[in-house]
Amino acid sequence: MDLHSHSADASDDAGGTVEGYLKWIVARRKRGFRIHGFVLTEHREFDPTVDYSALAEQYGVTVLRGAELETDIGHVLVYGVSPELAKRFDFSSVALPHRELFEVARDTGGFAVGAHAGRPRIGLAHHVHERGLTPDGIEVIEQLNGGSSSEENGRALELAEEYGFRCVGGSDAHFVSAIGRCLTAFRRPITSIQALVEELAGGDYFPVTVEQTQRVDAG
Amino acid sequence: MDQRYFEDVEPGDEIETPWDATPEAVAEFMATRRLASGLPEIEDGPERVRPGFERPIVPGSMSLAVLSRLVTDWMGSRGRLRSISASYRRPVYRDDQLRALALVTDTEKQAEGGGLVKLDVYIENERGERPLQGVAVVELPLRP
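What you see is a predicted model; the values in this text were computed from it and never measured. (Residues numbered from 1 in each chain as written. Chains lettered and ligands numbered in written order. Predicted model: local features only at pLDDT ≥ 70, side-chain atom pairs only at ≥ 80, totals over all residues. Heavy atoms only, no water.)

Chemist: Honestly, the overall build of chain B in this entry has me stumped. Any pointers?
Modeler: When its secondary structure is counted, chain B shows two helices and five strands. Reading chain B from its N terminus to its C terminus gives the helix and strand order β-α-α-β-β-β-β. Within the span of chain B, comprising 144 residues, buried residues form 43% of the whole. Counting contacts in chain B only where the partners sit at least 6 residues apart, residues at least 24 apart contribute 71% of the total. Approximately 7700 Å² of chain B is accessible, and the part contributed by carbon and sulfur atoms is 48%. Charged side chains of chain B number 19 positive and 26 negative; the gap between the two group centres comes to 3 Å. (Helix = DSSP H or I, 4+ residues; strand = E, 2+ residues; numbered from the N terminus. Buried < 20%, exposed > 50% of the residue type's maximum accessible area, 1.4 Å probe, protein only. Contact = heavy atoms within 4.5 Å. Areas by Shrake-Rupley, 256 points an atom, 1.4 Å probe, with all protein chains shown as cover. Lys, Arg positive; Asp, Glu negative; His and termini not counted. Charge placed at Lys NZ, Arg CZ, Asp CG, Glu CD.)

As structure tokens, this is what we get:
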């Protein structure tokens, strides 16, 4: 699963459409890459009325929805956004209090992950190493991010090793051809946001590049 | 320039060209831009390091021009570039090893003849970063 993506529907810096992503994934599967689906994590918003299930079914790709929010320790991916969570925080804020966000997300049936953790200014490593912040309440970081350089992803890996974080991967796709470049491998299929939250909280997973998913017997 | 036809294109096709953004090339672009736009001369030349940047950067309009040229060279004289847009995500540093790339992401035959091709376009540096990413839509003719 690609745990981090943006679409032109709701992220003003994205050019990829949801249907474009779906077509691209179908084309990638034909070339032997294993991409089960993706999570749309639009910037600073979550619209509960949006529903891509018909489109997802048409292409046979799982499409789930979360949000990418901005906090005092950088960007945070939130999965399982409940009405209660949305009521507690102003998602449009660019400086949400991270401790409360991680805690309330868990308490309301969701799960929060530190996004592109190695990125300057908007990733957790910067705030830990440059500002001396203690990453309390954080269990999982996005170590492998498709929009980050290998150096930045390396910085995130060092942070994960230093603090014992579990790691996920996501493409951070804003354009069609980027979807699925980085993913998270789970031991069981993820078909709902609840299953994703359960797996993130206690499951067994690791980040992978799309090249690592390719079937060796594919033409 | 070879003509590209709609039938010859499929999602996944990739176009790539190295781009050497030398100080001379940047200076030439800036001079041409001044002539074309009639805007006054910009005081900072291609060697100047602007505040907040590590090294001299390439003008954003030049990066987009390079991507546009990549696509128009590929499509041929009977092709038509309907639109191109890009998001500037990081600075393009002048002395980086740069590549301009385009990747066909979708094709759609048109009822009135010809076909539309969507391409992701981007600049990539040697660190694997994509400082500029965007989308181009091209109209290609059918084979005669």
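Chemist: Would you mind showing me how to read the side chain of N153 of chain A here?
Modeler: Position of N153 of chain A relative to the elements: it lies in helix 6 (residues 150-163). The class of N153 of chain A is buried, set by a relative accessible area of 10%.

Chemist: Help me understand the sheet that holds strand 3 (residues 98-109) of chain B, please; the structure alone is not making it clear to me.
Modeler: Each strand in a sheet pairs with its neighbour through backbone hydrogen bonds, running either in the same direction (parallel) or in the opposite one (antiparallel). All names here are of chain B. Judged by pairing direction, the sheet is antiparallel, and its five strands sit side by side in the order 1-3-4-5-2 without closing on themselves. Each edge of the open sheet is held by one strand with a lone partner, namely strand 1 (14-19) and strand 2 (80-88). Neighbour-to-neighbour, the strand axes of the sheet open up by a mean angle of 20 degrees, direction not taken into account. Relative to strand 3, strand 1 runs antiparallel, the two being bridged by six bridges. (Pairing = 2+ DSSP bridges. Axes fitted to C-alpha atoms, helices over the stretch in contact; angles between N-to-C directions.)

Chemist: Would you mind showing me how to read the interface of chain B and chain A here?
Modeler: Between chain B and chain A, the contact holds 18 residues from the first and 17 residues from the second. In total, chain B and chain A occlude about 1400 Å² of area from one another, counting both sides; carbon and sulfur atoms represent 45% of this. Between chain B and chain A we count three salt bridges in total. For D13 of chain A, the salt bridge identified is with R89 of chain B, shortest N-O distance 3.4 Å. Applying the counting criterion to the chain B and chain A interface returns seven residue pairs in polar contact (both at pLDDT 80 or more). (Buried area = accessible area lost by both parts, 1.4 Å probe. Salt bridge = Lys/Arg side-chain N within 4 Å of Asp/Glu carboxyl O. Polar contact = N/O pair within 3.5 Å; in protein donor to acceptor, adjacent residues only side chain to side chain.)

Chemist: In this structure, what is going on with the side chain of R119 of chain A? I would like to understand it.
Modeler: By the secondary structure assignment, R119 of chain A is in the loop between strand 5 (111-114) and helix 5 (124-129). A polar atom in the side chain of R119 of chain A sits 3.0 Å from the side chain of N145 of chain A. When near neighbours in sequence (up to four residues on either side) are disregarded, R119 of chain A contacts H126, N145, G147, S148, E152 and D172 of chain A together with R90 of chain B.

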